[in-house]
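As a plain string of letters, each chain reads:
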Amino acid sequence: MAAAWLGCWLCSVLIWGQAWADNWPTMADTVFRRYTHEQGIPHPVVTSIAQTGDGFIWIGTENGLARWDGYRFRQYAADSGEPGNLPGNSIIQLHGDRRGRLWLLFNNGMIARHDAQRDQFVPVPALSGNPALRLTTITDAADGGLLVGTAAGLARVSEDGLKVVLLTDTQYGPIDR
């Protein structure tokens, strides 16, 4: 009985394997599209790409941010006179967190979170604008907050982005900022 089942299984693998192999040329015709400034990318140098929980793909560049909705790009640029705009144009890294939110690190030392409800960018004041920190990278922390790599060490940002604790290798404990 086991030999009969094994024979049936082997035949089905061979049949499906051949069918899959026969279809490989059509599956290999992946379509790639190249998007440039004409289609909505703000700058030719892309520095980071992230996807958020709402399905948008975000593209950070050396001169602004673009959001791809699957059909078209929307551009975002810094404007210091308008609250809620990008706090800088040169983006180091984008990060989509576990809650589906977008976080941005900027070359000018700023860090911000995208408020999807208002389509605005909210700076994290405790970490932003301090050139000595020199922000380098961002990732999720196990407890729901964020970890931000800086020149001064590792910083932990609370889930709401309001509290920041700088952890350094010179002290054995957090330093409240």
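Scroll up a little and you will see the structure.
Presented here is an overview of the structure given in this document. In this numbering scheme, every chain counts its residues from 1 along its sequence in written order. At least 70 in pLDDT is required for a residue's local features to be given in this predicted model, at least 80 for side-chain atom pairs to be given and counted, and no such filter applies to totals for whole chains, interfaces and linings, which use all residues. Computation of side-chain values covers all heavy atoms of the structure but excludes hydrogens and water.

**Thoughts on the packing of aromatic side chains**
Next up, step 1: Here a Phe, Tyr or Trp ring, Trp counted by its six-membered ring, pairs with any other such ring whose centre lies within 6.5 Å, and the pair is stacked when the planes are under 30 degrees apart, edge-to-face when over 60, and tilted otherwise. Taken as a whole, this structure holds six aromatic pairs when the rule is applied.
Next up, step 2: Each ring, one from Trp-68 and one from Phe-73, has its centre 4.5 Å from the other, and the planes form 45°; the classification is tilted. Each member of the pair Trp-68 and Phe-73 is classed as buried.
Next up, step 3: A ring pair is formed by Tyr-76 and Phe-121, whose centres lie 5.3 Å apart and whose planes are at 85°; its orientation type is edge-to-face. Of the two residues, Tyr-76 is situated in strand 4 (residues 73–76) and Phe-121 in strand 8 (residues 120–123); the sequence distance between them amounts to 45 residues. Working definition: with a 1.4 Å probe on protein chains only, accessible area under 20% of the residue-type maximum means buried, over 50% means exposed, and in between means partly exposed. Helix and strand labels come from DSSP, where a helix needs a run of H or I of at least four residues and a strand needs a run of E of at least two; each type is numbered from the N terminus.

**Considerations on the environment of Phe-56**
Next up, step 1: Residue placement: Phe-56 occurs in the loop between strand 1 (46–51) and strand 2 (57–61).
Next up, step 2: On the accessibility criterion, Phe-56 (22% relative accessible area) is partly exposed.
Next up, step 3: The contact definition used throughout considers only heavy atoms, calling two residues in contact when any of these lie within 4.5 Å. If sequence neighbours within four positions are ignored, Phe-56 has contacts with Ala-50, Gln-51, Arg-67, Trp-68 and Asp-69.

**What about the sheet that holds strand 8?**
Next up, step 1: Pairs of strands are assigned from DSSP output, requiring at least two bridges between the strands. Spatially, the four strands line up as an open sheet ordered 5-6-7-8, and their pairing is antiparallel. Here the strands that pair on one side only, and so sit at the sheet edges, are strand 5 (91–96) and strand 8. With direction set aside, neighbouring strand axes in the sheet form an average angle of 25°.
Next up, step 2: With three bridges joining them, strand 6 (residues 102–106) and strand 7 (residues 111–115) adopt antiparallel strand pairing. Each residue of the ladder has a partner; that of Trp-103, found in strand 7, is Arg-113. Every axis in this analysis is a line fitted to C-alpha atoms, fitted for helices over the stretch in contact. Angles between the N-to-C directions lie between 0 and 180 degrees.

**Brief notes about the sheet that holds strand 4**
By way of backbone hydrogen bonds, the strands of a sheet pair with one another, either parallel or antiparallel.
Next up, step 1: Taken in spatial order, the four strands of this open sheet run 1-2-3-4, and their pairing is antiparallel. Taken across any chain shown, the strands that pair with only one partner, and hence form the sheet edges, are strand 1 and strand 4. With direction set aside, neighbouring strand axes in the sheet form an average angle of 20°.
Next up, step 2: Of the strand pairs in this sheet, strand 3 (residues 64–68) and strand 4 are connected by four bridges, and their pairing is antiparallel. Paired with Arg-67 across the two strands is Arg-74, which belongs to strand 4.

**Focus: the pairing of strand 7**
As a general feature of sheets, a regular strand has side chains that alternate between the two faces.
Next up, step 1: Where burial is concerned, most of strand 7 is hidden: five out of the five residues are buried.
Next up, step 2: Alternating residues of strand 7 divide into Ile-111, Arg-113 and Asp-115 and Ala-112 and His-114, and every residue in both groups is buried.
Next up, step 3: What sits between strand 6 and strand 7 in their antiparallel hairpin is a turn of four residues, with Gly-109 showing a positive phi close to 90°.
Next up, step 4: Of the pairings in the sheet, the one linking strand 7 to strand 8 comprises four bridges and is antiparallel in character.

**Overview of the pattern of salt bridges**
Next up, step 1: Throughout this description, the term salt bridge denotes a Lys or Arg side-chain nitrogen within 4 Å of a carboxyl oxygen of Asp or Glu. This structure, assessed with the given rule, holds seven salt bridges.
Next up, step 2: Note that Arg-101 is salt-bridged to Asp-97, the shortest N-O span being 2.8 Å.
Next up, step 3: We classify Asp-97 as buried; its relative accessible area is 8%.
Next up, step 4: In the salt-bridge network here, residues are joined through shared partners; they are Arg-67, Arg-74 and Asp-119.

**Digging into the side chain of Arg-113**
Next up, step 1: Within the element layout of this structure, Arg-113 appears in strand 7.
Next up, step 2: One buried charge, Arg-113, has no salt-bridge partner; the nearest side chain with opposite charge is Asp-115, at 5.0 Å.
Next up, step 3: Beyond its immediate chain neighbours, meaning those up to four positions away, Arg-113 contacts Arg-101, Leu-102, Trp-103, Gln-120, Phe-121 and Val-122. Counted charges follow a simple rule, with Lys and Arg positive, Asp and Glu negative, and His plus the chain ends left uncounted.

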